[in-house]
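What follows is the residue order along each chain.
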Amino acid sequence: MEMRDIDTDFFHPVERRPRDAAVFQVVTVASLIWQSGYEYTVEAVHRLRKRDVDARLWVAGEGPEQLRLLYTIDDLRLNDVVQIAGRLSPEERRRWFQQADVFLYTGLCGDTPSAIFEAMACGLPVVTMDGKGQREEVTDGVEGWVIPIRNAEAMADALYQLATRPVLRVQMGQAARQRIVEARTVAQLGHSGGRPAA
């Protein structure tokens, strides 16, 4: 799925739910396979927590690497920090995005998952590794951060910036939403011969 195909009426921001503002909620959605680089996701959150940020991680996905992921979480003593769900419905993904602070993606290869675009449409900044296509989809320093591949420390640095600078987090989230809306608008204009689609 491409950025322009995201339903921005369905995936949209809401006023953040009341919760402990000190908790920094990270969300990621991808298949639990080695290409998703989940060990870097968990390691980045672990490093972030060592900087006294009360970060929590939501993981949505299923796949053959789930057991290895559970071992990694246990080794880092993050069992009370990481919540793993299976495959989510679009409604469930939307709810997660609307309640989170940042979308984190550590894919090592493959196309950009549609969940990144859905999260952006919901007003989430994105922190992603510089895998195939991510630099074209997320402008480094605008809608989020694009980090060198397999660099959990740099990813923790980016997360720390967003966790400790809420104004920046809001600005990047707004820019993310705007990029998705503009891509969809351009696509609609193209399909309607230059006129906005009805």
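Reference entry: report on the structure contained in this document. (Residues numbered from 1 in each chain as written. Predicted model: local features only at pLDDT ≥ 70, side-chain atom pairs only at ≥ 80, totals over all residues. Heavy atoms only, no water.)

Looking now at helix α4 (residues 114-121). In terms of burial, α4 is a largely internal element, seven of the eight residues being buried. Every buried residue of α4 is listed here: Ala-115, Ile-116, Phe-117, Glu-118, Ala-119, Met-120 and Ala-121. Just downstream of α4 lies Gly-123, where phi reads positive at about 85°. (Buried < 20%, exposed > 50% of the residue type's maximum accessible area, 1.4 Å probe, protein only. Helix = DSSP H or I, 4+ residues; strand = E, 2+ residues; numbered from the N terminus.)

Here we come to the packing of helix α1 (residues 38-49) against helix α2 (residues 66-75). At a closest axis distance of 10 Å, the pairing of α1 and α2 adopts a crossing angle of 20°. As far as their axial angle goes, α2 and α1 are roughly parallel. In this structure, α1 crosses over α2, and the sense of that crossing is right-handed. Two secondary-structure elements touch here, α1 through Tyr-38, Glu-39 and Val-42 and α2 through Arg-68, Leu-69, Thr-72 and Ile-73. For the contact of α1 with α2, the class distribution of residues is four nonpolar, one polar and two charged. (Axes fitted to C-alpha atoms, helices over the stretch in contact; angles between N-to-C directions. Parallel < 35°, antiparallel > 145°, perpendicular 65-115°, else oblique. Left-handed = near helix turned anticlockwise from the far one by under 90°. Contact = heavy atoms within 4.5 Å. Nonpolar A, V, L, I, M, F, W, Y, C, P; charged D, E, K, R; others polar.)

With respect to the element layout, Val-59 can be found in strand β2 (residues 54-60). The sequence separation of Val-59 and Gln-83 amounts to 24 residues, and the corresponding C-alpha distance is 6.1 Å. Contact partners of Val-59, with chain neighbours within four places excluded, come to Thr-28, Leu-32, Tyr-38, Leu-69, Val-82, Gln-83, Ile-84, Ala-85 and Trp-96.

Here we take up the packing of α1 against helix α6 (residues 152-164). One way to put it is that α1 packs onto α6 with a least axis distance of 8 Å and a crossing angle of 55°. When the axes of α1 and α6 are compared, the pair comes out oblique. Handedness of the crossing formed by α1 with α6: right-handed. When α1 is examined against α6, the residues Tyr-40, Glu-43, Ala-44, Arg-47 and Leu-48 are found in contact with a partner set consisting of Ala-152, Glu-153, Met-155, Ala-156, Leu-159 and Tyr-160. When its residues are assigned to classes, the contact of α1 with α6 shows eight nonpolar, no polar and three charged.

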